Number of protein chains: 10
Amino acid sequence: MLFHVRMDVNIPHDLAPDTRSEIVAREKAYSQELQRAGKWPHIWRIVGEYSNFSIFDVADNDELHTVLSGLPLFPYMDIRVTALAKHPSDISSG
Amino acid sequence: MLFHVRMDVNIPHDLAPDTRSEIVAREKAYSQELQRAGKWPHIWRIVGEYSNFSIFDVADNDELHTVLSGLPLFPYMDIRVTALAKHPSDISSG
Amino acid sequence: MLFHVRMDVNIPHDLAPDTRSEIVAREKAYSQELQRAGKWPHIWRIVGEYSNFSIFDVADNDELHTVLSGLPLFPYMDIRVTALAKHPSDISSG
Amino acid sequence: MLFHVRMDVNIPHDLAPDTRSEIVAREKAYSQELQRAGKWPHIWRIVGEYSNFSIFDVADNDELHTVLSGLPLFPYMDIRVTALAKHPSDISSG
Amino acid sequence: MLFHVRMDVNIPHDLAPDTRSEIVAREKAYSQELQRAGKWPHIWRIVGEYSNFSIFDVADNDELHTVLSGLPLFPYMDIRVTALAKHPSDISSG
Amino acid sequence: MLFHVRMDVNIPHDLAPDTRSEIVAREKAYSQELQRAGKWPHIWRIVGEYSNFSIFDVADNDELHTVLSGLPLFPYMDIRVTALAKHPSDISSG
Amino acid sequence: MLFHVRMDVNIPHDLAPDTRSEIVAREKAYSQELQRAGKWPHIWRIVGEYSNFSIFDVADNDELHTVLSGLPLFPYMDIRVTALAKHPSDISSG
Amino acid sequence: MLFHVRMDVNIPHDLAPDTRSEIVAREKAYSQELQRAGKWPHIWRIVGEYSNFSIFDVADNDELHTVLSGLPLFPYMDIRVTALAKHPSDISSG
Amino acid sequence: MLFHVRMDVNIPHDLAPDTRSEIVAREKAYSQELQRAGKWPHIWRIVGEYSNFSIFDVADNDELHTVLSGLPLFPYMDIRVTALAKHPSDISSG
Amino acid sequence: MLFHVRMDVNIPHDLAPDTRSEIVAREKAYSQELQRAGKWPHIWRIVGEYSNFSIFDVADNDELHTVLSGLPLFPYMDIRVTALAKHPSDISSG
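- Labelled according to an unreviewed UniProt entry, chain A appears under the name Muconolactone Delta-isomerase, originating from Antrihabitans cavernicola.
- According to UniProt, the comment filed for chain A under the heading Sequence similarities (unreviewed entry) is "Belongs to the muconolactone Delta-isomerase family."

Here it is as structure tokens:
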């Protein structure tokens, strides 16, 4: 089941640089693990912003919340989720 | 080059049903032709709305405007375009 | 799987009264059939507005869009969908 | 009498972890006590956000404000209350 | 139980003048009957707008919705309801 | 002359508890003195928020600003003022 | 007593040109009469918009509403009123 | 003197096609005459919208309003003007 | 050339009281010097807010930015500028 | 390929003055280098604000994000990017 997610990152300016680097590194590893598992099939940077548009492919709403609230950057992000359905013009599925 | 596009459709209630059906049919054909050409790789319905999120893959800004302003439903849509860049965590390209 | 839905109804003032009554009657029947089927467990009127908050219980996003876009009043409503997950403080399930 | 409530939690990043844990624990106990008393019949997590939609069933406006302003997280939340009435299509009450 | 209500009136410009006058006259009679019954203790014009702030004193949410949806101008108004509680600094009741 | 005022209080979390208590106590005394003088005839708590709707009855705009900017909580509040006029449906004055 | 007023004019496109011209002419005469009476000391066009910022000098809120609701263009305008007080840095009065 | 202008065009769907074409043609001629005169040095299409960002170079505010309100599409556009000053990092003028 | 300016002041609560007083005193002197020079012909307090509406009369956009960015409170203010033109109904200039 | 960019700068008040000066100086050098390279053909100050409107001319979306995220002030700015296309009325290119 697909969901569209927008994430806007706002890390406080007074966070210690080491802590910041460590969180950002964990975020990257966490994201790539989910990408490899097929649960996070797309992630795009929004040009000019510390933000992304992503597509998630999960079993249900609860799994999506578990995945998102487990993001190392979750405490520093605004996240907006939009449920997606198949579009009648979409040729991708037969 | 990738762009994120949100389209919200607002067809006037007093449009003649035949005209409406004809435009919607042309829209579908137009969209599918662009999908087959690889220029409109993703289109998703936003659940509960007469709206979609789409990803376009075009040569440049001018081509994107030509494609979007040629949509049969263009006069009846609100469209918002967001330029996308590769995300540093994206594993898809290499 | 649960979703929170807000519906705001805006029927054009120039719609023929008979047409209006007929659509509203079909809307009510459609809603009650879904309530009886367990797919629309809650519907509340927002005081002072021609609007409701509803909870839907469906198999997935596609079913929800099918249900919502089939509403007889769909062409006259603004609908906003929010995906819901189990709350960690919720005592209702266990 | 039913009310729809949205709560968005914003705990300051510099709150001491122990204080934070203690407040969150008290919030959970407070919520569950009200759920068991029948005053807070529904609470759902909004997917991807540190937020919930809740339904309260209280005697009147004053009781609702007493309940909400007594939440341990009240100083850290944005709360929006919407008064609910019975919907004419609702089959739940005979 | 008290509620704060804002009403913004938007009568379509093409409504027949006689119909308009008749509705406005019925609205005034309806309002004054509720004022005399003690259910609509305050109504103020917002300077420069075809709008009012009102205070309603009703038994519960359902009564308030019945009263508001019965307004002759209801189809032409945007209405926003806010539940009120006693303020701890208020000297008026004791 | 009547004015509608909305006040939203945002006291910084790091204000010393004693300072906070002292300001809140002065605010209450200040408000009640104005209520007794007839200049602040109504104050209602907005349910679920640290906010109020108030009605002020003052000689002119300058007096209202003097009164509001003298509130002990003024540095911590967002205040919005709306000028009120007599409503043509109001039965209260003759 | 001074008030700041913003007026945005939205005349429907299908209003008969003669009716439109007649209303606009009456609006101008009405405005100039109030300017000569000292009640409308300033009116400025907002560059690029069919809008103005104005300053009114009236006895009280009721007079302002009478003046504004008497504008020939009142049914076609959005009006926002802001109460003004003397600024402590203002050198103009003494 | 430079100004930044955003124009959003909303031509009513029921405008006669001939009238529409004639206005759009006059708009183009009017714009190009101003471009040749050096008063409208830049105009860009916003991708996906019937809108433009423009830069105007005029003697003063009054000239800008005369130019903008003379646009054949003026009755069908939302226009927002922003005054521009030289930027301290700008290398273009010496 | 006239401009309408709205200024909203937000001085951080943790600014040292002496620093604050000194900046506010300099702001007043700066404002009054510009008033005496005829460049700041009007300043009004917005009732209930730490804000003002002002009218500036300057040679051009660059002078206005120089004046505004030189305000001692500039780092603590949100400023919105609107270019003004002569209104066709204005009787003040002949 | 052209893009319209709005940048709003918000440097925290508690940043050390030396650090601030050093970042602002680096920002200026960075901007001027890109201007000389033809990648940042226009930059204008928005009157009254610590903001600019800019036009960028880059090869593609990825280059634009690289340029913008490399701005020394990037951590302290809100940036909004709009893709631009050639306008059909533009006389500048043949």
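Points about helix H1 (residues 17–36) of chain F
All names here are of chain F.
(1) Moving on: Here H1 is 20 residues long and its end C-alpha atoms lie 29 Å apart, about the 28 Å a rise of 1.5 Å per residue gives.
(2) Moving on: Those residues of H1 not exposed but buried are Ile-23, Glu-27, Ser-31, Gln-32, Leu-34 and Gln-35. The buried residues of H1 occupy one face: seen down the axis, they fall within an arc of 165°. Residues of H1 that are exposed and point more than 90 degrees away from the buried face comprise Asp-18, Glu-33 and Arg-36.
(3) Moving on: Tucked into the core, H1 has its buried residues touching strand E2 (42–46), helix H2 (61–69) and strand E4 (77–86).

Remarks on the packing of aromatic side chains
All names here are of chain A.
(1) Moving on: Across all of its chains, the model carries ten aromatic pairs over all chains by this definition.
(2) Moving on: Their ring planes at 35° and their centres at 4.5 Å tell us that Trp-40 and Phe-56 sit as a pair that is tilted. In this pair, Trp-40 sits in the loop between helix H1 (17–36) and strand E2 (42–46) while Phe-56 sits in strand E3 (residues 51–57), placing the two residues 16 residues apart along the sequence. Of the two residues, Trp-40 and Phe-56, both sit in the buried class.

Concerning the interface of chain D and chain F
(1) Moving on: At the junction of the two partners, chain D supplies eleven residues and chain F supplies seven residues.
(2) Moving on: With a closest N to O distance of 3.2 Å, Arg80(D) and Glu49(F) form a salt bridge.
(3) Moving on: Summed over the shared surface of chain D and chain F, the result is two residue pairs in polar contact (both at pLDDT 80 or more).
(4) Moving on: Of all the secondary-structure elements, those providing two or more residues to the side of chain D that touches chain F are helix H2 (61–69) and strand E4 (77–86) of chain D.
(5) Moving on: At four residues, the largest contribution of residues to the side of chain D that touches chain F is made by H2(D).

A short note on a negative patch on the surface
(1) Moving on: A cluster of acidic residues, Asp14(A), Asp14(D), Asp14(F), Asp14(I) and Asp14(J), forms a negative patch at the surface.
(2) Moving on: Looking at the element boundaries, Asp14(D) is found in the loop between strand E1 (2–9) and helix H1 (17–36).

Let's talk about the environment of Arg26(C)
(1) Moving on: Mapped onto the elements, Arg26(C) comes out in helix H1 (residues 17–36).
(2) Moving on: For the pair Arg26(C) and Leu71(C), spaced 45 residues apart in sequence, the C-alpha separation works out to 8.6 Å.

Rules used throughout
Residues numbered from 1 in each chain as written. Chains lettered and ligands numbered in written order. Predicted model: local features only at pLDDT ≥ 70, side-chain atom pairs only at ≥ 80, totals over all residues. Heavy atoms only, no water. UniProt positions renumbered as here; feature names shortened; annotations may be inferred. Helix = DSSP H or I, 4+ residues; strand = E, 2+ residues; numbered from the N terminus. Expected span 1.5 Å × (residues − 1). Buried < 20%, exposed > 50% of the residue type's maximum accessible area, 1.4 Å probe, protein only. Arc of directions from axis to C-beta. Contact = heavy atoms within 4.5 Å. Phe/Tyr/Trp six-rings, centres within 6.5 Å; stacked < 30°, edge-to-face > 60°. Salt bridge = Lys/Arg side-chain N within 4 Å of Asp/Glu carboxyl O. Polar contact = N/O pair within 3.5 Å; in protein donor to acceptor, adjacent residues only side chain to side chain. Patch = residues over 30% accessible without salt bridge, like charges linked within 9 Å, V, L, I, M, F, W, Y side chains within 5 Å. Areas by Shrake-Rupley, 256 points an atom, 1.4 Å probe, with all protein chains shown as cover. Lys, Arg positive; Asp, Glu negative; His and termini not counted. Charge placed at Lys NZ, Arg CZ, Asp CG, Glu CD.

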